[in-house]
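Remarks on the overall topology
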Amino acid sequence: SQQGEEDPQALSIQEGENATMNCSYKTSINNLQWYRQNSGRGLVHLILIRSNEREKHSGRLRVTLDTSKKSSSLLITASRAADTASYFCATDVNNDMRFGAGTRLTVKP
Amino acid sequence: DAGITQSPRHKVTETGTPVTLRCHQTENHRYMYWYRQDPGHGLRLIHYSYGVKDTDKGEVSDGYSVSRSKTEDFLLTLESATSSQTSVYFCAISPAFDRSGANVLTFGAGSRLTVL
């Protein structure tokens, strides 16, 4: 079964707005990662947060992790049309990498 | 996708025929993975390898086998393809654990398989 579950399944916003996606998982993890997938392409790694970290930033990305709730969120600030893609969380449990079904983000210009 | 190539990129086959997908890497990474991606299911792990001739099953391994005789190649075989195996298949690679234990995947471009 899937380890991570993203919410919402789809999100549509205007350029310049912030986008927030959530991920819930079921078991203890070593770390949690977020990946992006453009249509027809493979996934690309965005950011990793370890189980002992609560927040991490990378450019316009901000990731939080709450291990007590087994949840994570990805915030993209000041979104651009080029951010349109699917975003997946992945949990790493002893090298077994499991992905959720993803959030489809559409940023309208 | 630099360092990792999948072949074929597209294949149409008939039910009952064997199919082999190839993943080739030039990064000398230890770990290699095969995932399938289907609408509503995201990516699901089929098999992975942690070294030459060392493989393990993922969550949807039934109907699939793998082989890794060289570091650079990881083959996924459908012994007798079924329509339920119509999917997009992604290969991914990662280096061995670093000191902090992080394991970041690099993905290939995918292989679209249609089983009629």
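A brief report on the enclosed structure follows. Since the structure is predicted, the reported quantities are computational estimates derived from the model, not experimental observations.

A look at the sheet that holds strand E7 (residues 64–70) of chain B
Paired through backbone hydrogen bonds, the strands of a sheet run either parallel or antiparallel to each other. Residues and elements named next belong to chain B. In spatial order, the strands read E1-E3-E8-E7; together these four strands make up an open sheet with antiparallel pairing. Strands at the two margins of the open sheet, each flanked by one partner only, are strand E1 (4–7) and E7. The mean angle between the axes of side-by-side strands here comes to 15 degrees, regardless of whether they run parallel or antiparallel.

A closer look at the interface of chain A and chain B
Tallying the contact residues gives 23 residues for chain A and 22 residues for chain B. For the pair chain A and chain B, the summed buried area comes to about 1,800 Å², and 49% of that belongs to carbon and sulfur atoms. Contact with chain B buries surface across chain A, with Leu43, Asn95 and Phe99 of chain A losing the most and accounting together for 29% of the total. Applying the counting criterion to the chain A and chain B interface returns one salt bridge. When the shortest N-O distance is used, the salt bridge between Glu59 of chain B and Arg98 of chain A registers 3.7 Å. Applying the counting rule to chain A against chain B returns four residue pairs in polar contact (both at pLDDT 80 or more).

Cut-offs applied
- Residue positions are given per chain, counted from 1 along the sequence in the order it is written.
- Just so you know, chain letters begin at A and ligand numbers begin at 1, following the order they were written in.
- Restriction of local features to residues with pLDDT of at least 70 applies here, the model being predicted, together with a cutoff of 80 or more for giving and counting side-chain atom pairs; totals for whole chains, interfaces and linings are based on all residues.
- Side-chain figures throughout are based on the complete set of non-hydrogen atoms in the structure, without hydrogens or water.
- One requirement defines pairing of two strands: DSSP has to find at least two bridges between them.
- Note on conventions: DSSP H or I runs of at least 4 residues are helices, E runs of at least 2 residues are strands, and numbering of each starts at the N terminus.
- The convention used is that axes are lines fitted to C-alpha atoms, helices contributing only their stretch in contact, and that angles between N-to-C directions extend from 0 to 180 degrees.
- Two residues qualify as a contact provided that any one of their heavy atoms is within 4.5 Å of a heavy atom in the partner residue.
- By definition, the buried area sums, over both parts, the 1.4 Å-probe accessible area that each loses when the two are put together.
- Think of a salt bridge as a Lys or Arg side-chain nitrogen and an Asp or Glu carboxyl oxygen that are within 4 Å of each other.
- Between N or O atoms, a polar contact is any pair within 3.5 Å; within protein, one atom must be a potential hydrogen donor and the other a potential acceptor, and residues adjacent in sequence are included only when both atoms are from side chains.

Keep in mind that these numbers describe shape and distance, not what the molecule does.
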